[in-house]
Protein chains: 2
Amino acid sequence: MRNLSLGSLILLLLPLSLWAQDTLRLSAPSENLQASFYLDTQGKPSYSLQYKEIPVLQPSSLGLALVDDEDLLAGFQLLNHTHTTEDSYWEPVWGEYARIRNRYQELLVELAQPNTGRKLNIRFRLFDEGLAFRYEFPKQEQLTYFILQEEHSQFHLAEDYKAFWLPGDYDTNEYPISSSLLSEIPQAMEAATIPIHAQSPIRSQLAVQTPLMLKGTTNGLYINLHEAALIDYPAMQLNLDAENFRLESHLVPDAIGNKGYLQTPAQSPWRTLIVADDARQILAANRMILNLNEPHVLEDVSWIKPMKYIGIWWEYFVAGKSTWAYSDTTNVKLSDDFSTFRPNGRHGATAENVRRHVDFAAEYGFDAVLVEGWNIGWEDWFGKWKEEVFDFVTPYPDFDVEALNAYAASKGVKLMMHHETSGAITNYERRLDRAFAFMEKHGYNSVKTGYVGKLIPRGEHHDGQLAVNHFIHVARRAADYKIMINSHEATRPTGLHRTYPNWLAQESARGTEFEAFGGLAPNHTTILPFTRLMGGPMDYTPGIFQTDLSYYGTGSQQLVQTTLAKQLAYYVTLYSPLQMAADLPENYLRFPDAFQFIRDVAVDWEDTYILEAEPGEYVSIGRKAKGQAAWFIGAITNENSRTTVLDLDFLPEGKTFEATLYGDAADASWDKNPQAYVIETRTVRRGDRLEHYLAPGGGLAIHIR
Amino acid sequence: MRNLSLGSLILLLLPLSLWAQDTLRLSAPSENLQASFYLDTQGKPSYSLQYKEIPVLQPSSLGLALVDDEDLLAGFQLLNHTHTTEDSYWEPVWGEYARIRNRYQELLVELAQPNTGRKLNIRFRLFDEGLAFRYEFPKQEQLTYFILQEEHSQFHLAEDYKAFWLPGDYDTNEYPISSSLLSEIPQAMEAATIPIHAQSPIRSQLAVQTPLMLKGTTNGLYINLHEAALIDYPAMQLNLDAENFRLESHLVPDAIGNKGYLQTPAQSPWRTLIVADDARQILAANRMILNLNEPHVLEDVSWIKPMKYIGIWWEYFVAGKSTWAYSDTTNVKLSDDFSTFRPNGRHGATAENVRRHVDFAAEYGFDAVLVEGWNIGWEDWFGKWKEEVFDFVTPYPDFDVEALNAYAASKGVKLMMHHETSGAITNYERRLDRAFAFMEKHGYNSVKTGYVGKLIPRGEHHDGQLAVNHFIHVARRAADYKIMINSHEATRPTGLHRTYPNWLAQESARGTEFEAFGGLAPNHTTILPFTRLMGGPMDYTPGIFQTDLSYYGTGSQQLVQTTLAKQLAYYVTLYSPLQMAADLPENYLRFPDAFQFIRDVAVDWEDTYILEAEPGEYVSIGRKAKGQAAWFIGAITNENSRTTVLDLDFLPEGKTFEATLYGDAADASWDKNPQAYVIETRTVRRGDRLEHYLAPGGGLAIHIR
């Protein structure tokens, strides 16, 4: 115990004296975490948590309010409780680890509400990494179909924390990440809630999103608050009582304000609190979220392959020369004959451009080429709240689906399909089987989906129960066709890629595209692993070599706020089984030596080593390529230069290896000299401590073999 | 002109003096109807209508209010106007007539709103049968995507009328039909709004539904107010100002209160006012609604066939012996293994029962057997607002899809599929291709769809734009698989069966099922042709021979409120290309001579003759079978006995024919002696006047050959 103030000691001890006699206690396997559960005098469920005797959560109440029905908040009696232990291993289809240990102590609390005859269970799992709990609604006569008005799960912190947060919002996770004390959030909220298309900030309460990363100011703790296995339930946001440091669940409503429609047997997602006194352990503990998800049930997963890809994409943002749309006609309909439109001469998804990308992918070892803008409808797809923007099966007149897929196949490359839905879930679902059958027929095996805009059904939200179910529906349907999914603007992940391993990656955060409009703060990617990535892989689309966008002569003065070397490091620090080399092919050819790292880096891993980590400051991660004697390290810093110190304890004993380092030059910086990198080769062995300079906004990528 | 009071003459003349100079006038081809259009001093569009110099509509304003945009209500200038004339013929795929004349005078009014730069057209078509108009939103820069807050189309009647009306409701058309003066509706509304499952009565305004049938109390006029070609727009209800006899459009809102999302070029449905001084002309004028719909675009319609069917259906309502559900288990999920449930022994859709019905259909010449309750999910499908009640592809353990379809095929009979959606449009759309592919694979060529319950997406309504589009989507998808649709609980029809001829019939009103719970008033079916059927065929499911339900010994004392003979007459008076013989097969075998009429009656017609008609009192219709020298007549009365007088002017000259009459016996009545019928044969010829007694709640069916 360190830095534990007298005040927090009192906070810790005080509630204990009020507890009823039947407090149930649960210890993590290594006993670093202790949780307690009790019913208060009104029969209200409460729990608390401490870490190595530091209070993490003061007694916090649990329960749910229902629509047109008695609440499940109080009046409970303890029926039964069961302690169990789990310690097992499993192997993901792909991931950061080839094998994952699932080890926890479980407490199942069975409650009865005598005045209604209903039962409610709460299941707690205490891992060494943190606490998880969920509500379980057993099959029972007195509770069959019910509607959630709100979940009232409290997380009553024992003191103020520095928080890495996004404004609460029902539709978007694409805010810049704010950093402040919890107590400062009320003042900071308005400025943090920047305009974003199709946003629905929570105005009724002070609320933030999860994953929420917290850093103790005095107690040395790091806490990560999120959820796992979000299925058939709305996403959870968190109301904040900033004076009492109390967070409380806030579910995303549907079009008429209800929060969830459930049928017993049912359960909530897991609410997860990962706790550590070393930030590195937080990153390593994203496995806890995976452990809380169900195994997949696919018979055959041989078709699911991590991959690297390039795409016709970044040129839409920066080059100013090309567009998704084939013409400059506006106010178009799917029923229009697009071949009668006058081509604007700037269409990106032309046969010629696709062939050029396929050639590049084939020559440099990429698995796939994403082609956005191949299909009709882009002329005014944006911001219209329009249901039938796209049909997913009709190419523009200058895109020959059959010929281009045949060409790609002849080169051993796949085209990656693109399904922008414009937020029209209804339209996509009714066309989904046909869209996937079209892909199957033409040889596509992966699709990037997009949900830009206000959802249809109108009034529904990207993070509501309907949308949550939609994204899972798409993943399941895709599996029927052996199609891999990369979803953008979907509900942020909660470890569901364990259950649906063809759902390779998601965006669901502020990614590289924002480097073209306003830029991403240099500390952004030092926080993302602690927030967005805790739930699953992100299609961040790294690899921008030409970071000064004035280069294109389009009038943009925008700088991508990293050095080139930092972009390389992202391939290791920002985990995804689907990694894009997002820059234009011609830019890679200008820096072939640096490009070599992107060509070499693996996308599937046997093991992962969190070497250094501090949210908002730096992240250094090493990984062993799956099935290869090759290791990769990425190290990044925020706006400040630093010396990264990398302990190579993970290398096998007794051998020496060649390490190629792709680092910032001494005079590099994201804003002044981003393309100044140095490549050097060293011989390394286990136990070496490798130190290297990281420039402001810089990074280091290492390939060891 | 008859019965025209001085008061209404003044009402007619007064507004004329206020009109701007540029009043545009339009006459029906035969000049019986005169319409006028003008812009008032605020640039508000107005129109009026008169019939043989009787004022039908006083000046009534037109326009639309938009969400977050300037309204399209006033400030208009007349840009241009065009008069055109149409006189042509077309042939429906099936129908009441083999050939339909489309003859009207058209006035296209092109308006501009200088302060917004927007254009709005109003297109009027004046037929001899009535007036139709619609809004057209031309493609233009200043109006592309827009949201309707409300349509404000007024129908300002010149006096009080007797109305045949349903309470305004966003979700159901299954109210009993009320009859009262318009001025009496305020007092009558509460009693008329009886409880119906999943109803959404309009409480904010006094409103009624369309088709609204009106009968002049002094002027001798009959008016029918409805709409035609309802596509991509919400259904119209009518607000009523009962003091001033002014009706005004009230569109059905979506989940968040908006009324329609449009993109130019777009148009509203046609608003139709059919006007006559003889009620028979109203019924004949349902062709006007068809004329206002677009022709179909199917290349092949050979697979679309009117048909007669029986079904496993009525036994669920009356016999008390069978159920849709396979078991009495409750709180089930699609993921459950239904074969583990204990069969309740009363499941209707058993192999044995299906075979029995197939045998009956084959022996007595029916085309198909509807089987409800064949698929898993019925255990608690009702009233749960549950999304995934049915999957449309999984039979109950006792229903062998393959064997039963093979058996039916061997007998030359089709099984009719049943897709109850429980109101979950989302669930149905995402499964639709698979559901239809399943039907195609197993040999089904028609499906009865159902939408019982509150819709999902939650907050949407059966008569909103989303649902309107859904029903059309289903019809179009079905055509891809050569499947015919019979939709229940869908938005009431507006003549779309011309455009989608595989959409054979709909329920969308109070049909035979209500004879099992409370009964249908004896006048109900004398009004339906003037209301519900104006828009299209109804799957009324007639043919109940065993009208006293106490017969089944299940405790029901319910009487079907017709005589047996009236049930026969329905096959002619209640037009549908899809006619059910709804009673249990064994009941038909008890009355084989009467059953002969159902076996003989045609379901597709060359011509139709409205012989007698008065809403609420009686309807007598003759029809010539398509491609046969056979005529059928149905005559019905309300609770009062009457003598029907049928002029056989429609028979060909110079021949004699044998007429078989199926009529009420002298001592018959719906409540005391419903099964007392007499069958007689007469020789008839053109010009004969055939008179026959109709008992209270009785009818007469005639087969002439």
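Since we're looking at a predicted model, the values are computed, not measured.

Criteria and cut-off values
Starting from 1, residues in each chain are numbered consecutively following that chain's sequence as written. Ligands are numbered from 1 and chains lettered from A, in the order in which they are written. Owing to the predicted nature of the model, reporting of local features is limited to residues with pLDDT of at least 70; listing and counting of side-chain atom pairs is limited to 80 or more, with chain, interface and lining totals taken over all residues. Side-chain numbers here rest on the full set of heavy atoms in the structure, without hydrogens or water. Here a strand is any run of E in DSSP of at least two residues, a helix any run of H or I of at least four, and the numbering for each starts at the N terminus. Between the two quantities, the radius of gyration covers C-alpha atoms and the globule rule is 2.2 Å times the number of residues to the power 0.38. Residue exposure (1.4 Å probe, protein chains only): buried if accessible area is under 20% of the type maximum, exposed if over 50%, otherwise partly exposed. Contacts between residues were defined by any pair of non-hydrogen atoms, one from each residue, lying within 4.5 Å. Here the positive residues are Lys and Arg and the negative ones are Asp and Glu; neither His nor the chain ends is included. Note that the charge is assigned to NZ on lysines, CZ on arginines, CG on aspartates and CD on glutamates. The term salt bridge refers to a pairing of a side-chain nitrogen on Lys or Arg with a carboxyl oxygen on Asp or Glu at a separation within 4 Å. Simply put, the buried area is the total loss of 1.4 Å probe accessible area from both parts when two parts are fitted together. For the purposes of these results, a polar contact is taken to be a pair of N or O atoms within 3.5 Å, where, inside protein, one atom must be able to donate a hydrogen and its partner to accept one; residues adjacent in sequence count only when each atom of the pair is a side-chain atom. Ten residue types, Ala, Val, Leu, Ile, Met, Phe, Trp, Tyr, Cys and Pro, are classed as nonpolar, four, Asp, Glu, Lys and Arg, as charged, and the remainder, Gly among them, as polar. As used in this record, nonpolar core signifies buried Ala, Val, Leu, Ile, Met, Phe, Trp, Tyr and Cys residues forming a set joined through side-chain atoms within 4.5 Å. One bridge is not enough; two strands pair if DSSP finds at least two bridges between them. Angular values range over 0 to 180 degrees, each being the angle between N-to-C directions of two axes fitted as lines to C-alpha atoms, with helices fitted over their stretch in contact. Superposition of the copies used a least-squares fit over C-alpha atoms from residues whose pLDDT is at least 70 in both. By definition in this entry, angles of less than 35 degrees are roughly parallel, angles greater than 145 are roughly antiparallel, angles of 65 to 115 are roughly perpendicular, and the rest are oblique. Handedness of a crossing follows from how the near helix is turned relative to the far one, being left-handed for an anticlockwise turn of less than a right angle and right-handed for a clockwise one. UniProt positions are given in the numbering used here, feature names are shortened, and annotations may be inferred rather than shown by experiment.

Once that is clear, we can look at the overall build of chain A. Within chain A, the secondary structure is distributed over 13 helices and 36 strands. Its C-alpha atoms give chain A a radius of gyration of 25 Å, within 12% of the compact-globule value 27 Å for 705 residues. In terms of overall dimensions, chain A has a C-alpha envelope of 75 × 60 × 50 Å along the principal axes. Burial statistics for chain A: of 705 residues in total, 67% are counted as buried. Residue pairs at least 24 apart in sequence account for 72% of intrachain contacts in chain A once pairs closer than 6 positions are excluded. Counting 61 positive and 89 negative side-chain charges, chain A places the averaged centre of each group 3 Å from the other.

All names here are of chain B. Inspection of every chain in the model, using the stated rule, returns 72 salt bridges over all chains. The shortest N-O distance in the salt bridge between Arg356 and Glu586 comes to 3.2 Å. Taken together, the positions of Arg356 in helix 6 (residues 351-364) and Glu586 in helix 12 (residues 585-590) put the pair 230 residues apart, joining distant regions of the chain. Taking the relative accessible area as the measure of exposure, Arg356 reaches 35% and is therefore partly exposed.

So, about the interface of chain A and chain B. Chain A puts 35 residues into the contact, and the matching count from chain B is 35 residues. Buried area between chain A and chain B, summed over both chains or domains, comes out near 3,100 Å², and the portion from carbon and sulfur atoms is 47%. Summed over the three residues of chain A that lose the most area to chain B, namely Tyr145, Asn331 and Arg430 of chain A, the buried surface amounts to 22% of that side. Where chain A packs against chain B, one counts 6 salt bridges. Between Asp480 of chain A and Arg434 of chain B there is a salt bridge, and its shortest N-O distance comes to 3.1 Å. Where chain A meets chain B, there are 26 residue pairs in polar contact (both at pLDDT 80 or more). Looking at the side of chain A that touches chain B, the elements with two or more residues in it are strand 10 (145-151), strand 19 (260-263), helix 8 (425-442) and helix 9 (465-480) of chain A. By residue number, the principal contributor to the side of chain A that touches chain B is helix 8 of chain A, which donates 6 residues. Partitioned by chemical class, the residues of the side of chain A that touches chain B number 10 nonpolar, 9 polar and 16 charged.

Following the sequence through the fold, His524 of chain B ends up in helix 10 (residues 524-527). Owing to a relative accessible area of 5%, His524 of chain B belongs among the buried residues under this scheme.

All right, on to the nonpolar core then. Residues and elements named next belong to chain B. Residues Phe124, Trp314 and Phe436 are the most contacted members of the largest nonpolar core, which totals 219 residues. Top contributing element to this core by residue count: helix 9 (residues 465-480), with 9 residues. Residue contacts for Phe124: discarding those within four places in its chain leaves Leu26, Phe37, Tyr47, Leu62, Gln105, Glu106, Leu107, Val109, Leu131, Ala132 and Phe133.

All names here are of chain B. Overall, parallel pairing links the 7 strands, which are arranged 27-26-25-24-23-22-28 in an open sheet. Each edge of the sheet is formed by a strand with only one pairing partner; in this case those strands are strand 27 (503-506) and strand 28 (578-580). The sheet shows a mean angle of 30 degrees between the axes of neighbouring strands, direction not considered. Where strand 22 (residues 307-312) lies against strand 23 (residues 368-371), 4 bridges are found, and the strand directions are parallel. When the sheet's bridge partners are listed, Ile310 is paired in strand 23 with Val369.

Another point: the relation of the copies chain A and chain B. When chain A is fitted to chain B, the best match, at an RMSD of 0.0 Å, comes from turning it 180 degrees and sliding it 0.0 Å along the axis. Both copies are brought into coincidence by an operation consistent with a two-fold rotation axis. No C-alpha of chain A lies nearer the rotation axis than that of Arg430 of chain A, which sits 2.5 Å from it. Looking at chain A, 100% of its interface residues are interface residues in chain B too, so the copies touch through the same face.

Residues and elements named next belong to chain A. The 6 strands are arranged 29-30-31-36-33-34 in an open sheet whose pairing can be described as antiparallel. The open sheet terminates on both sides in strands that have one partner only, identified here as strand 29 (605-614) and strand 34 (677-685). Averaged over all neighbouring strand pairs, the angle between strand axes comes to 15 degrees, with direction disregarded. Relative to strand 34, strand 33 (residues 656-664) runs antiparallel, the two sharing 9 bridges. Across the sheet, Thr660 pairs through a bridge with Thr681, a residue of strand 34. With respect to the sheet, helix 13 (residues 592-600) is in contact with strand 31 (631-637), strand 33, strand 34 and strand 36 (699-704), its orientation differing from that of strand 33 by roughly 125 degrees.

Let's shift gears to the packing of helix 8 of chain A against helix 8 (residues 425-442) of chain B. Remark: helix 8 of chain A packs on helix 8 of chain B, axes separated minimally by 7 Å, with the N-to-C direction vectors making an angle of 15 degrees. For the element pair helix 8 of chain A / helix 8 of chain B, the angle class is roughly parallel. The hand of the helix 8 of chain A/helix 8 of chain B crossing is right-handed. When helix 8 of chain A is examined against helix 8 of chain B, the residues Thr426, Glu429, Arg430, Asp433 and Arg434 of chain A are found in contact with a partner set consisting of Thr426, Glu429, Arg430, Asp433 and Arg434 of chain B.

Our next topic: helix 11 (residues 564-573) of chain B. For helix 11 of chain B, the buried fraction is high: 10 of the 10 residues fall into the buried class. Turning to helix 11 of chain B, its buried residues number three or more, namely Leu564, Ala565, Lys566, Gln567, Leu568, Ala569, Tyr570, Tyr571, Val572 and Thr573 of chain B.

On to the UniProt feature "domain: Glycosyl-hydrolase 97 N-terminal" (unreviewed entry) in chain A, then. UniProt's feature table lists "domain: Glycosyl-hydrolase 97 N-terminal" (unreviewed entry) at residues 26-295 of chain A, given in the numbering used throughout. Each end of residues 26-295 of chain A is marked by a C-alpha atom, and these two atoms are 25 Å apart; helix forms 7% of the span and strand 49%.

Moving on, we get to the environment of Asp69 of chain B. Following the sequence through the fold, Asp69 of chain B ends up in the loop between strand 5 (64-66) and strand 6 (77-90). C-alpha separation for the pair Asp69 of chain B and Gln42 of chain B, spaced 27 residues apart in sequence, amounts to 19 Å.

All names here are of chain A. Contact pair helix 11 (residues 564-573) / helix 13: the axes reach a minimum separation of 10 Å and the direction vectors enclose 10 degrees. Between helix 11 and helix 13, the angle is such that the two are roughly parallel. Residues Leu564, Leu568, Tyr571 and Val572 of helix 11 pack against Ala594, Phe597 and Ile598 of helix 13. A class-by-class count of the residues in the contact of helix 11 with helix 13 yields 7 nonpolar, no polar and no charged.

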